[in-house]
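Next come the chains, spelled out residue by residue.
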Amino acid sequence: MNWGTELWDQYDNLASHTQRGIEFLDKYGNFVRDRCTIEQEYAAKLRRLVKNYQPKKKEEDDNEFTSYQAFKNVLKEIGDLAGQREVVAESLQIQVSNAITLLSKNLREERKKTLTEGSNLTQNLTAQVLALDRAKKNYEKAYRDSEKALENYQRADADLNLSRAEVEKQRHNMTIKSQQSDDAKNEYANQLQKTNKLQQQHYESALPDVFNRLQEIDEKRTRGLKEFIKGAADAESSVAPIIARCLEGVVIAAESIDEKEDSHKAVEKYQSGFLPPGDIPFEDLSKMDPDLSNHSQYHSATNVNNHMTHRGTIGANKLKKRTGIFGIFSSNKNTLSTDGMKEDYSDLPPNQRRKKLTSKINELKHKIVQETAAHDGLMKMKSVYEANSLLGDPMSVEGQLNESAHKLEKLKVELRKYQQYLEQANSVQIAQHSPQSHRNLQNGQRMSRHSNGSGENEDGDDQPDDAGSLSRSASESSVAQAQIENGLNINNNGSSASPESGLGTSHTSLPGSGQGSANDQVMNEDMYYEAEPLQALGTCKALYPFDATSEGSIPMSENEELQVIELDQGDGWTRVRRCTGPNGWEEGFVPTSYIESTLYA
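Criteria and cut-off values
- Residues numbered from 1 in each chain as written.
- Predicted model: local features only at pLDDT ≥ 70, side-chain atom pairs only at ≥ 80, totals over all residues.
- Heavy atoms only, no water.
- Helix = DSSP H or I, 4+ residues; strand = E, 2+ residues; numbered from the N terminus.
- Buried < 20%, exposed > 50% of the residue type's maximum accessible area, 1.4 Å probe, protein only.
- Contact = heavy atoms within 4.5 Å.
- Areas by Shrake-Rupley, 256 points an atom, 1.4 Å probe, with all protein chains shown as cover.
- Pairing = 2+ DSSP bridges.
- Axes fitted to C-alpha atoms, helices over the stretch in contact; angles between N-to-C directions.
- Lys, Arg positive; Asp, Glu negative; His and termini not counted.
- Salt bridge = Lys/Arg side-chain N within 4 Å of Asp/Glu carboxyl O.
- Core = buried A, V, L, I, M, F, W, Y, C linked by side-chain atoms within 4.5 Å.
- Phe/Tyr/Trp six-rings, centres within 6.5 Å; stacked < 30°, edge-to-face > 60°.
- Lys NZ or Arg CZ within 6 Å of the ring centre and 35° of its normal.
- Patch = residues over 30% accessible without salt bridge, like charges linked within 9 Å, V, L, I, M, F, W, Y side chains within 5 Å.
- Parallel < 35°, antiparallel > 145°, perpendicular 65-115°, else oblique.
- Nonpolar A, V, L, I, M, F, W, Y, C, P; charged D, E, K, R; others polar.
- Expected span 1.5 Å × (residues − 1).
- Arc of directions from axis to C-beta.
- pLDDT = per-residue confidence, 0-100.

*Asks:* Is there a simple way to explain the overall build of the protein in this structure?
*Replies:* Broken down by element type, the protein carries 12 helices and seven strands. Residues counted as buried form 35% of the 601 residues belonging to the protein. In the protein, the share of contacts with a sequence separation of at least 24, taken over all contacts with a separation of at least 6, comes to 71%. Taken as a whole, the protein presents about 36800 Å² of accessible surface, with 52% of it coming from carbon and sulfur.

*Asks:* For this particular structure, what's the right way to read the sheet that holds strand S4 (residues 561–566)?
*Replies:* Strand pairing in a sheet is mediated by backbone hydrogen bonds. Such pairs are either parallel or antiparallel. Within the open sheet, the five strands sit side by side as S6-S5-S4-S3-S7. Their pairing is antiparallel. If you trace the sheet from one side to the other, it starts and ends with strand S6 (585–591) and strand S7 (595–599), each paired once. Sheet twist, expressed as the mean angle between neighbouring strand axes with direction ignored, is 35°. Sheet topology note: the strand S5 (residues 573–579)/S6 ladder contains seven bridges and is antiparallel. Its bridge partner being in S6, arginine 575 is matched across the sheet by phenylalanine 589.

*Asks:* Would you take a moment to explain the side chain of glutamate 77 for this structure?
*Replies:* Mapped onto the elements, glutamate 77 comes out in helix H3 (residues 66–158). Among buried charged residues, glutamate 77 stands out as having no salt bridge; its nearest opposite-charge side chain is lysine 76, 4.7 Å away. Apart from the residues within four sequence positions on either side, glutamate 77 is in contact with Arg245, Cys246, Gly249 and Val250.

*Asks:* So what exactly am I meant to see when it comes to the nonpolar core here?
*Replies:* The nonpolar side chains of soluble globular proteins are, as a tendency, buried together. Counting residues in hydrophobic clusters, the biggest one holds 30 residues, and the most contacted among them are Tyr28, Leu92 and Val96. For leucine 92, the residues in contact, after removing those within four places along its chain, are Val32, Arg35, Cys36, Ser97, Ala232 and Ala235. Ranked by size, the runner-up nonpolar core spans 13 residues in total, among them Tyr345, Leu357, Leu411 and Leu415.

*Asks:* I would appreciate a short explanation of unusual backbone geometry in the present structure.
*Replies:* For residues other than glycine, phi is negative in most cases, and the peptide bonds are mostly trans. With a phi close to 70°, asparagine 559 is a non-glycine residue in the positive phi region. The partly exposed category is assigned to asparagine 559, whose relative accessible area is 46%.

*Asks:* What's the story with the pattern of salt bridges in this structure? I'm lost.
*Replies:* It is possible for side chains bearing opposite charge to pair when their charged atoms get close. Throughout the structure, instances matching the rule amount to 22 salt bridges. With a closest N to O distance of 3.7 Å, glutamate 110 and lysine 220 form a salt bridge. Of this pair, glutamate 110 sits in helix H3 while lysine 220 sits in helix H4 (residues 164–237), and the two are 110 residues apart along the sequence. The exposure class assigned to lysine 220 is partly exposed, which follows from its relative accessible area of 31%. Linking arginine 575 and glutamate 566 is a salt bridge whose minimum nitrogen-to-oxygen distance equals 3.5 Å. Since its relative accessible area comes to 3%, glutamate 566 is described here as buried. Each of the salt bridges in this network shares a partner with another, and the network as a whole consists of Arg35, Glu39, Arg85 and Glu236.

*Asks:* What is the right way to read the packing of aromatic side chains from this model?
*Replies:* Centre-to-centre distance and the angle between the planes together describe a pair of aromatic rings. Applying the stated criterion to the full structure yields 10 aromatic pairs. Measuring from centroid to centroid gives 6.3 Å for phenylalanine 546 and tryptophan 573, while their planes differ by 70°, and the two rings are edge-to-face. You can see phenylalanine 546 sitting in the loop between strand S3 (538–542) and S4 and its partner tryptophan 573 sitting in strand S5, a full 27 residues away along the chain. The residues phenylalanine 546 and tryptophan 573 share a single accessibility class, namely buried. Here the aromatic rings of phenylalanine 546 and tyrosine 594 are separated by 5.8 Å at their centres, their planes lie at 80°, and the arrangement is edge-to-face. Here phenylalanine 546, found in the loop between S3 and S4, pairs with tyrosine 594, found in the loop between S6 and S7; they are 48 residues apart in sequence, far enough to count as distant. What links up through ring pairs into an aromatic cluster is the set Tyr544, Phe546, Trp573 and Tyr594. We note arginine 577 situated over the ring of tryptophan 585; from NZ or CZ to the ring centre the distance is 5.9 Å.

*Asks:* For this particular structure, what's the right way to read a nonpolar patch on the surface?
*Replies:* A cluster of nonpolar residues, Leu49, Tyr53 and Phe71, forms a patch on the protein surface that exposes about 320 Å² of accessible area. Within the secondary structure, phenylalanine 71 sits in helix H3.

*Asks:* What should I look at first to understand the environment of tyrosine 594 in this one?
*Replies:* Under the relative-accessibility criterion, tyrosine 594 is labelled partly exposed at 30%. Residue contacts for tyrosine 594: discarding those within four places in its chain leaves Lys541, Ala542, Leu543, Tyr544, Pro545, Phe546 and Met556.

*Asks:* Sorry if this is basic, but what is going on with the packing of H3 against helix H6 (residues 259–270) here?
*Replies:* The geometry of a pair of packed helices is captured by two quantities: the angle between their axes and the separation between those axes. The interhelical angle for the contact between H3 and H6, taken along N-to-C directions, is 120°, at an axis separation of 8 Å. It follows from the interaxial angle that H3 and H6 lie oblique. Facing H3, whose interface residues are Thr66, Ser67 and Gln69, H6 presents Glu261, Asp262 and Lys265. For the contact of H3 with H6, the class distribution of residues is no nonpolar, three polar and three charged.

*Asks:* Honestly, the packing of H3 against helix H5 (residues 240–255) in this entry has me stumped. Any pointers?
*Replies:* Following both chains from N to C, one finds H3 and H5 inclined at 170°, their axes separated by 9 Å at the closest point. Of the possible angle classes, the one that applies to H3 and H5 is roughly antiparallel. Of H5, the residues touching H3 (which contributes Ala70, Asn73, Val74, Glu77, Asp80, Leu81, Gln84 and Arg85) are Ile242, Ile243, Arg245, Cys246, Leu247, Gly249, Val250 and Ala253. Residue composition of the contact of H3 with H5, by class: nine nonpolar, three polar and four charged.

*Asks:* Teacher, can you tell me more about H5 here?
*Replies:* An ideal rise of 1.5 Å per residue puts 22 Å on 16 residues; H5 measures up with 22 Å between its terminal C-alpha atoms. Taken together, the buried positions of H5 are occupied by Ile243, Cys246, Gly249 and Ala253. Projected down its long axis, H5 carries its buried residues within an arc of 105°, all on one side. With respect to the buried face of H5, the exposed residues turned more than 90 degrees away are Arg245, Ile252 and Glu255.

*Asks:* Help me out: how do you make sense of the confidence of the model for the protein in this one?
*Replies:* When pLDDT drops low, the exact placement of atoms in the prediction is not to be read closely. This prediction gives the protein a mean pLDDT of 76; 73% of its residues lie at or above 70. S3 holds the highest mean pLDDT among the elements of the protein, 93, whereas helix H11 (residues 465–485) holds the lowest, 39. Of the regions scoring below 50 in pLDDT, residues 292–333 engages in 39 contacts with residues more than four places distant in sequence or in other chains. When the criterion is pLDDT under 50, residues 444–530 qualifies, and its contacts beyond four places in sequence or with other chains add up to 134 contacts.

*Asks:* Is there a simple way to explain the pairing of S4 in this structure?
*Replies:* Walk down a regular strand and you will see the side chains alternate between the two sheet faces. As judged from the four bridges shared by S3 and S4, these two strands associate in the antiparallel manner. Paired with lysine 541 across the strands is glutamate 561, a residue of S4. Examined bridge by bridge, S4 and S5 share three bridges and lie antiparallel to one another. Bridge pairing in S5 links valine 564 to valine 576.

*Asks:* I keep staring at the environment of cysteine 540 and nothing clicks. Help me out?
*Replies:* Mapped onto the secondary structure, cysteine 540 falls in strand S3. A residue is classified by how much of its surface remains accessible, and cysteine 540, at 1% relative accessible area, is buried. If we ignore the near neighbours within four places in the chain, the residues touching cysteine 540 are Glu560, Glu561, Leu562, Val564, Val576, Ile595, Glu596 and Ser597.

Here is the structure:
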């Protein structure tokens, strides 16, 4: 079906219909243009949102947690998604909106040209019809005049009173009118023939051709609208896989969050490395003894340890606050770094100190690698210049080589210095985390199970061993703790700060002695390890495997059966025994939380 045949008489309606169709196309074009604006605003707001929620510099310390890293990845994916929305807006603008504008312009021009042609055809037909009407009217008037002239001639011819001249005049008038009537008739017939021919051509070919072109214009507009709607969908579907990958990235980022790992990292970040404070001993004021000063020293060391533990729990950031201009007058010879802490980070808790030192060492190693590469490059450049002097003067590189070598040597010296700091910090940590030294620091030096249970003062008076030995052990423990914190390893008569030394195991010294000699220590250690095994208090089963990494502990495998020979005294360690043969055994400490104990009744 075509408009030229079916709608031959609907010129005005077709003109109005095509006009409304083009206006509808423009309306869809405005819709796409507004949507492009919304997509661009959405992408811009997404990018602004991502920018506003980017991790700040003060939050860099928290970026090691999986939740923070996941959120950072989510922001990256949202930024990529914003980019895809920009791609959609650009595609809609170029492929749809601009094409709609161009098509609408062409359709308007074609419609205007077609309607002008149709209007001309209609005007020509109207003019022909008017000419036909005029010819018909002329014919009708000429015919009436001819009939009247004929009647006048007949009446004059019948009237005998008129002269021959009068009759001849009427006959001549009749002839003229008759001829005019015939001419008007012929003109009317000619105009009628022309009008019919033009009308036939107008309604059968000319005007249908105009209507068919209007139909093509409207169909082109409709087809274009169809393609534009599909193009808008294709513009979005083309980026749908990328958007889907962005959303998959968001899901992957969410799945990468590990609460256990974050908890572990929180421990690594905030753990001070200090040991919990031990039990405060009861001071019986009624029994004053010469070792009262040792008790005071013990309490002083305990208070210092508690204070350091509190500072370590708060975190290293709080320790940086009290540096500034007043630090100039400090008596500490250790210089301060740019962040307000000591150069060796000795003012930080042990774990934080090792972490800082390790980071500093890695940074220095990276700088050394870079400087070494630069130095090697300068050496190659110098060798090339020496081989071909036309390329450059070798002496021009000499100054840079000297500066690079000086900088490299300075970095190596600084690296060795921080490696020594780290070794010192590690040695302190090993000494502090030994189960035996842990118990020695908590409880004072415990009495040996193989001692006689009493001590003797300088005047020869007997007194309970826990009064003198505990005082003496607390004092020695304070000294040991002070040496450990300062990273010292002082040997006095063969003693050291380790738990196996005389200082760390004063319960093996002779009663009343300050520090035993090397022979006394060897003898007491032999007594300690060669004595009869302690009586088992029960049995235990290992719930988890344990690798012995600290001094005084022993490894165990899962579900292994062991004997309990000493209960947990609040420090988290239990002493156990493993029978290794018919006549041998192995004793040591294991974490209490790793075993399930069954004590004898």
